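So you can see what is in the structure, the chains are spelled out below.
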Amino acid sequence: MAVTRTFSIIKPDATRRNLTGAITKMLEDAGLRVVASRRIRMTRDQAEGFYAVHKERPFFNDLCTFMTSGPVVVQVLEGEDAVKRNREIMGATNPADAAEGTIRKTYAESIEANSVHGSDSDENAKIEIDYFIAPDENVG
Ligand code: CMP
């Protein structure tokens, strides 16, 4: 299995509850390494651009409002088959459907305030990393 990278966001519901460390530990315990990390306050433009694929969905406006409602932590995670591994440890988008032991089952408040985002493919991981992380921030 190849070592690859994925993009992760620790969302405002999690930073508000001081869960940055707890969630990062779950990612690390799952075999992922944080090779870049930055705490930011996402702008409306950044949120709308990042979630542009969802712009026709009924939840788009609320999602962008939520993602700009507090600080987030944007991260690059590295590990064997990182996209898949991260999605396993995150759990299903809706915490009601997430498996025991996953981040979303443990911490998410709702389908919107679901604590973490993770890329859904290697191709999107590259796009999402490039959207938020400068090459010299990937320090290993
Ligand atoms: P994320 O992985 O960040 O990608 C898109 C986000 O949209 C998703 O996590 C959810 O937080 C949110 N989302 C998806 N479906 C819904 C929905 N039906 N209602 C509200 N938010 C949703």
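Coordinates for the structure precede this section.
Report on the accompanying structure. Owing to the predicted nature of the structure, the values given are computational and were not obtained by experimental measurement.

1. Thoughts on the site of the ligand
Here comes step 1: Neighbouring the ligand are the residues K11, Y51, H54, F59, L63, T93, R104, I111, E112, N114 and H117.
Here comes step 2: The side chain of Y51 places a nitrogen or oxygen atom 2.6 Å from an oxygen atom of the ligand.
Here comes step 3: Between an oxygen atom of the ligand and a side-chain N or O atom of H117, the distance comes to 3.0 Å.
Here comes step 4: Protein contact buries 78% of the 460 Å² of open area that the ligand shows by itself.
Here comes step 5: A class-by-class count of the residues in the shell around the ligand yields 4 nonpolar, 4 polar and 3 charged.

2. What to know about helix α7 (residues 122-132)
Here comes step 1: Where α7 is concerned, the buried positions are A125, E128, I129 and F132. Looking down the long axis of α7, one finds its buried residues gathered within 105° of arc, a one-sided arrangement. In α7, the exposed positions that point more than 90 degrees away from the buried face belong to E123, K126 and I127.
Here comes step 2: Looking at the packing, one finds that the buried side of α7 touches β1 (3-10), β2 (33-40), α3 (44-50), β3 (72-80), α5 (82-90) and β4 (116-118).

3. Some points on the pattern of salt bridges
Here comes step 1: Applying the stated criterion to the full structure yields 11 salt bridges.
Here comes step 2: A salt bridge links D13 to R17, with the shortest nitrogen-to-oxygen separation between them at 2.6 Å.
Here comes step 3: Owing to a relative accessible area of 0%, D13 belongs among the buried residues under this scheme.
Here comes step 4: The residue R17 makes a salt bridge to E109 at a minimum N-O spacing of 3.5 Å. Separated by 92 residues along the polypeptide, R17 in the loop between α1 (12-16) and α2 (20-29) and E109 in the loop between α6 (103-107) and β4 bring together distant segments of the chain.

About the thresholds
- Residues numbered from 1 in each chain as written.
- Predicted model: local features only at pLDDT ≥ 70, side-chain atom pairs only at ≥ 80, totals over all residues.
- Heavy atoms only, no water.
- Near = heavy atom within 4 Å.
- Polar contact = N/O pair within 3.5 Å; in protein donor to acceptor, adjacent residues only side chain to side chain.
- Areas by Shrake-Rupley, 256 points an atom, 1.4 Å probe, with all protein chains shown as cover.
- Nonpolar A, V, L, I, M, F, W, Y, C, P; charged D, E, K, R; others polar.
- Buried < 20%, exposed > 50% of the residue type's maximum accessible area, 1.4 Å probe, protein only.
- Helix = DSSP H or I, 4+ residues; strand = E, 2+ residues; numbered from the N terminus.
- Arc of directions from axis to C-beta.
- Contact = heavy atoms within 4.5 Å.
- Salt bridge = Lys/Arg side-chain N within 4 Å of Asp/Glu carboxyl O.

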